[in-house]
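Read off the chains here:
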Amino acid sequence: MAADSGKSETAKREEAILAFWNEQEIFEESVRREPRSGKEYTFYDGPPFATGLPHYGHILASAIKDAIPRYYTMKGFRVKRQWGWDCHGLPIENIVEKELGTKTKKDILALGVKKFNDLCRERIFTYITDWERIIPRLGRWADMAHPYRTMDTSYMESDWWAFKTLYEKGLIYEDYRVMYICPRCETTLSQSEVADGYKDVKDLTATVMFELDDEPGTYLLAWTTTPWTLPGNVALAVGIDIEYVRVHASRALPPAIKALGIETPPGQKLERLQFILSKAAFDSQRYRRTFEDVFVVQSVSEPFLGSELLGKKYKPPFQYYRQNGSLKDRENGWKVYAADFVTTDEGTGIVHVAPAFGEDDYELGKAHALPFVQHVGMDGIFAKDVTDFAGLHVKPIEDESATDVEIIKYLAHHGTLFAKEKHEHSYPHCWRCDTPLINYATSSWFVNVTSLKPALRAYAEGINWSPAHIKDGRWGQWLLGARDWSISRQRFWATTMPVWRCEQCRTDRIMGSIGELEAASGQAVHDLHKDVVDEIVIPCECGGTMRRIPDVLDTWFDSGSVPYASLHYPFENEEEFRTRLPADFIAEGQDQTRTWFYYQHVLAGALFESRAFSNVIVNGLVLAEDGKKMSKRLNNYPDPMLLVDRYGADSLRLYMLASQAVEADNLAFAESGVDEWHKKAILRLENTMALLALYGDGAKDARDDSAHVLDRWIIARLRELAQEMTAGLDAYALNAALRPFLPFVDDLSTWYVRRSRDRLKDMETDDGKAARATLRYVLRTLAQLMAPFAPFAADSLWLRLRTDADAASVHLAEWPALGSDIDTQLLGDMARARAIVTLALDARDSAGIKVRQPLAALSIGSALGEELRAVIAEEVNVEAVRVDSALGEFVALDTEITPALEEKGRARELIRMIQDARKAQGFAVLADAAVLVHGPAEWQAVVASQGAAISAATRAASLAYAPAETLSVEVAAPAA
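Here we summarise the structure given alongside this text. As the structure is a prediction and not an experimental result, all values here were calculated from the model. (Residues numbered from 1 in each chain as written. Predicted model: local features only at pLDDT ≥ 70, side-chain atom pairs only at ≥ 80, totals over all residues. Heavy atoms only, no water.)

**Notes on the packing of aromatic side chains**
For step 1, the next point in the chain: Scanning the entire structure with this criterion turns up 63 aromatic pairs.
For step 2, the next point in the chain: Relative to F608, the ring of F577 has its centre 4.9 Å away and its plane inclined at 50°; by these criteria the two rings are tilted. With a gap of 31 residues between them, F577 in helix 22 (residues 574–578) and F608 in helix 23 (residues 596–608) connect regions that are remote in the sequence.
For step 3, the next point in the chain: It is R70 that lies over the ring of W21; its NZ or CZ is 5.1 Å from the centre.
For step 4, the next point in the chain: One residue, R906, lies across the ring of W939, its end atom 5.5 Å from the ring centre. (Phe/Tyr/Trp six-rings, centres within 6.5 Å; stacked < 30°, edge-to-face > 60°. Helix = DSSP H or I, 4+ residues; strand = E, 2+ residues; numbered from the N terminus. Lys NZ or Arg CZ within 6 Å of the ring centre and 35° of its normal.)

Okay, here's the thing in structure tokens:
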């Protein structure tokens, strides 16, 4: 991420604050000091990969993860914020494979596991320096100097302990079943990984003719969306209570023959066939059209139940395995069986069964001892037995339907294709390499989540979700449908499975620590990766040799182990860990609902009978402004760090934290939104602070007890703001906490400060001091309230307002407790007063009278008190505000301009000119000046009659008039 050479003043102020935090160790002090509450507030950080630069998704997540810990630090808690790095798995492996140019798992094995893993080690932290620069620059506090890393031996050892503990609890088992695999990566995937990779595709489907052995010319019709599985067919399944029909038909004559009036081609007989399919399918337009186009239907039988088809034998369209006399359970194959998964919703009511490639098929195969035919390897390539297609990939990534096309051509050529069509559906792809997945029967190790589900759902009741609908929605539904977790992977760069198996007696031995492995093997162990521990053998009691099974752990086992593995529990930090479960707070994107959130919860429930966390914020995606996915190729989003240089990190944080993205909705990112927060929040507050500094009287008195109506009003608004922001933060609803912030800043700058400007620069009276003390109090409190969201601007304000008795940084200060005593009557009255001002100014505009021209009176319908009427009079520039209840919600403006009023208007014009001249000549705000007015004769009278008011408003130590044809003013330093 390139940095812009030109940085805004806002960005420069932020960099100065960052330097202050580093020099004074402010973050470290927040953790080091004794918490005022005497309590810890626990936060787990989900680990990112350092294989790419931080993007807007990371920035949003970082802002969320920073805001809540800052808030609870100010509430008096100690909040440790250990950074973490995700180091294992396919993301790293795929990067290395692209660099090496490897295409298959065999290529890696040929290269050597050690060399491959060494390359993975080298590539993990490609961008770590950038992360360590960017994350602090975004204002996020995190201990990046002492991170946990999932590749560290200490972390992996905790994984081993967890695995063994689960195993000893009877919660881990090995089984052979059908799962989705990635044929390119040649590994199984978990339920959540599969769920993350679905795409809408158009596949070729086939309705295939299976001829009955004892009824030549009679065909069972079965529909399949995976033609490539047909060589593995060993059975057909029907529903015993489904109605089927026999359709007697002959192939239709070609249109050209029929046009000649020939019923039967010379020397030929029309082939007469019989088809069996469900009555519902035959009645459907889909199959009726095929019969009408390709066949001539002679008759249709009365419906009969599927039970009549049971046991019938048939000829499969591919004979590769039926002819294999040594195939186990061959005698049970190529028959019709009953199955409750058969429906008439799609297809023909007859299902082609290939037990190696479908979960229902596999269970049917086990129930009836069907022959097991796995004609495709785990690499997705047809076995050599499938002679017509040997070497073809069943789902080539470059053309997913190419092999299905070849299968369908074969069927058509051999007369067993009834129909083909394109079928649009959602199909899973590998979440990392984008390869189409295939259902595949293989061995895997599982965590028995199904048995845990009732307890996991009970533990989940104690979790507070933001937004709340996630609890029973995305999270609750995923937990409800949770299945056993496949935790073994057939890859290389990951935490190894600590299972050693005897080559002779097949006994397993589970290692729960490095010490156990060293004691069993007699070897010193310093690394638990595959290239190391696969070389370690253990003698078995039977006299055989135990070797580690080759699988590694699902990387989500790593991530889900953060609560204890980051502390190397139970080998270290046992007492500290016990105080950290469940975590008070975590946050990640909505995609983590079924991954990081879920796997933490599973492992915490299984190992500790607890939920893993108590409060969680779920964020949505950050998209390009047009709603599309952000893409470097499309260049459809601005460089985040250029925006930081342009508007500051606070503006970026405020924009994102105030958006719907913090409540699991997507955000179409617009730079204009960052610009708006910069102008309406950061710059307005900076200008307000600058104004206070201009009129500062040396004291840092900050009070909220002024009697002036404007001071009382802004304090009431401040208390209202504090209540709303506190309520939002307590509810973990960050956008709700920020929602009232901009309106308050607008009220402060465009109403309170503008109406109080004369009071603020009044250095003589108690009223001027009260105005400055009130504004100082408001800005100090605002610095505290905005600290979790805009940490740089908050500390910039605080450091200019703090006294020696205050905390060194606003982030070490207490969260403001302003009480619930809010003058709601005054808030309502002021709102009415401002509405009246708007009406009155509209009336001025309609009459074409500038605001600088005083008018005699304004009549209003609201019975407002004298203080507020005075505020209205000053804002509208009238000499009196009268109440006339007959006006109701309307106002009446006296637009007559008398000579006296006209003279006062001219005085206003002179004041403006003098102030402009002072500014142009660089006069200090509180510096006196000598003023000379040049102008026509009528201006002499203005200077004479209005001189006192003009001098007071412009700090004119002397005011004189000199005749001239045109009006102008001179400003100079007073004579000594």
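There is more to say after this.
**Points about the pairing of strand 25 (residues 586–589)**
The two faces of a sheet get side chains in turn, since along a regular strand they alternate between them.
For step 1, the next point in the chain: Pairing of strand 25 with strand 26 (residues 615–619) involves 4 bridges; the strand directions are parallel. Bridge assignment links G589 to a residue of strand 26, and that residue is N619. (Pairing = 2+ DSSP bridges.)

**Topic: the packing of helix 27 (residues 709–730) against helix 29 (residues 741–760)**
For any two helices packed against each other, the geometry comes down to the angle between their axes and how far apart the axes lie.
For step 1, the next point in the chain: In contact at an axis separation of 11 Å, helix 27 and helix 29 are set at 165° when each is read in the N-to-C sense. Judged on the interaxial angle alone, helix 29 and helix 27 are roughly antiparallel. Relative to helix 29, the crossing made by helix 27 is left-handed. For the pair helix 27 and helix 29, contact is made by L710, D711, W713, I714, R717, L718, L721 and M725 and by F741, P743, F744, D747, L748, W751, Y752, R755, S756 and R759, respectively.
For step 2, the next point in the chain: Residues of the contact of helix 27 with helix 29, tallied by class, amount to 12 nonpolar, 1 polar and 5 charged. (Axes fitted to C-alpha atoms, helices over the stretch in contact; angles between N-to-C directions. Parallel < 35°, antiparallel > 145°, perpendicular 65-115°, else oblique. Left-handed = near helix turned anticlockwise from the far one by under 90°. Contact = heavy atoms within 4.5 Å. Nonpolar A, V, L, I, M, F, W, Y, C, P; charged D, E, K, R; others polar.)

**A look at the nonpolar core**
For step 1, the next point in the chain: Membership of the largest hydrophobic core comes to 143 residues, with the highest contact counts inside it found for F669, L734, F741, L748 and L782.
For step 2, the next point in the chain: Considering each element in turn, this core owes the most residues, 11 residues, to helix 27.
For step 3, the next point in the chain: Once residues within four sequence positions are removed from consideration, L748 is found in contact with L685, T688, I714, V753, L775, V778, L779 and L782.
For step 4, the next point in the chain: With 55 residues, the next largest nonpolar core counts Y148, W556, L567 and A604 among its residues. (Core = buried A, V, L, I, M, F, W, Y, C linked by side-chain atoms within 4.5 Å. Buried < 20%, exposed > 50% of the residue type's maximum accessible area, 1.4 Å probe, protein only.)

**Let's talk about the side chain of T187**
For step 1, the next point in the chain: When you line up the elements, T187 lands in strand 4 (residues 187–188).
For step 2, the next point in the chain: Residues in contact with T187, not counting those within four places in the same chain, are Y180, I181, C182, M378, R489, Q490 and R491.

**Notes on the sheet that holds strand 29 (residues 855–860)**
For step 1, the next point in the chain: The strand order across the open sheet formed by 3 strands is 30-29-31, and the pairing between neighbours is mixed. Both edges of this open sheet fall to strand 30 (878–883) and strand 31 (891–893), since each of them pairs with a single strand only. The sheet shows a mean angle of 15° between the axes of neighbouring strands, taken without regard to direction.
For step 2, the next point in the chain: As paired strands, strand 29 and strand 30 are joined by 5 bridges and run parallel to one another. Of the residues in strand 30, the one forming a bridge with A857 is A880.
For step 3, the next point in the chain: The strands touched by helix 33 (residues 866–876) are strand 29 and strand 30; relative to strand 30, the strand with the most contacts, the crossing angle is about 135°.

**Points about the environment of L53**
For step 1, the next point in the chain: Residue position: L53 is located in the loop between helix 2 (26–32) and helix 3 (56–74).
For step 2, the next point in the chain: By relative accessible area, L53 is classed as partly exposed at 21%.

**So, the sheet that holds strand 20 (residues 499–502)**
For step 1, the next point in the chain: Ordered by their spatial adjacency, 4 strands build an open sheet running 21-20-23-22, and the pairing between neighbours is antiparallel. Looking at strand neighbours, the two that pair on one side only are strand 21 (508–510) and strand 22 (538–539), the edges of this open sheet.

**So, helix 4 (residues 90–100)**
Since the α-helix packs 3.6 residues into each turn, any two residues three or four apart lie on the same face.
For step 1, the next point in the chain: Among all positions in helix 4, only L90, P91, I92, E93, N94, V96 and E97 are buried.
For step 2, the next point in the chain: On its buried face, helix 4 is in contact with helix 5 (105–111) and helix 6 (113–123).

**Focus on helix 6**
For step 1, the next point in the chain: Of the residues making up helix 6, those classed as buried are V113, F116, N117, L119 and C120. Looking straight down helix 6, one finds its buried side chains confined to an arc of 155°; they lie on one side.
For step 2, the next point in the chain: Against the buried residues of helix 6 lie helix 4, helix 5 and helix 19 (530–533). (Arc of directions from axis to C-beta.)

**Description of the side chain of S466**
For step 1, the next point in the chain: Following the sequence through the fold, S466 ends up in strand 17 (residues 464–466).
For step 2, the next point in the chain: Reaching out from S466, the side chain makes a polar contact with the backbone oxygen of Y732 at a distance of 2.8 Å.
For step 3, the next point in the chain: The contact partners of S466, leaving out residues within four places of it in the chain, are V616, I617, V618, V662, A731, Y732 and A733. (Polar contact = N/O pair within 3.5 Å; in protein donor to acceptor, adjacent residues only side chain to side chain.)

**With respect to the packing of helix 26 (residues 671–694) against helix 29**
For step 1, the next point in the chain: Orientation of helix 26 relative to helix 29, taken along the N-to-C sense of each, is 25°, at an axis distance of 10 Å. When the axes of helix 26 and helix 29 are compared, the pair comes out roughly parallel. Helix 26 and helix 29 meet at a crossing whose hand is left-handed. Between helix 26 and helix 29, the residues in contact are W677, K680, A681, R684, L685, T688 and L691 and F741, L742, V745, D746, L748, S749, T750, V753, R757 and L760, respectively.
For step 2, the next point in the chain: Residue composition of the contact of helix 26 with helix 29, by class: 10 nonpolar, 3 polar and 4 charged.

**Focus: unusual backbone geometry**
For step 1, the next point in the chain: Cis rather than trans, the peptide bond between Y569 and P570 has omega equal to 5°.
For step 2, the next point in the chain: Mapped onto the fold, P570 is located in the loop between helix 21 (562–565) and helix 22.
For step 3, the next point in the chain: Note the cis peptide between L581 and P582, where omega equals -5°.
For step 4, the next point in the chain: Of note in the backbone geometry, W334 takes a positive phi value of approximately 60° without being a glycine.
For step 5, the next point in the chain: Here W334 is to be found in the loop between strand 12 (314–315) and strand 13 (335–338).
For step 6, the next point in the chain: Among the residues examined, W334 registers a relative accessible area of 3% and is labelled buried.
For step 7, the next point in the chain: With a phi close to 50°, R955 is a non-glycine residue in the positive phi region.
For step 8, the next point in the chain: Take R955: it is sitting in the loop between helix 35 (938–954) and strand 33 (956–963).
For step 9, the next point in the chain: Residue R955 is classed as partly exposed on the basis of its relative accessible area of 29%.

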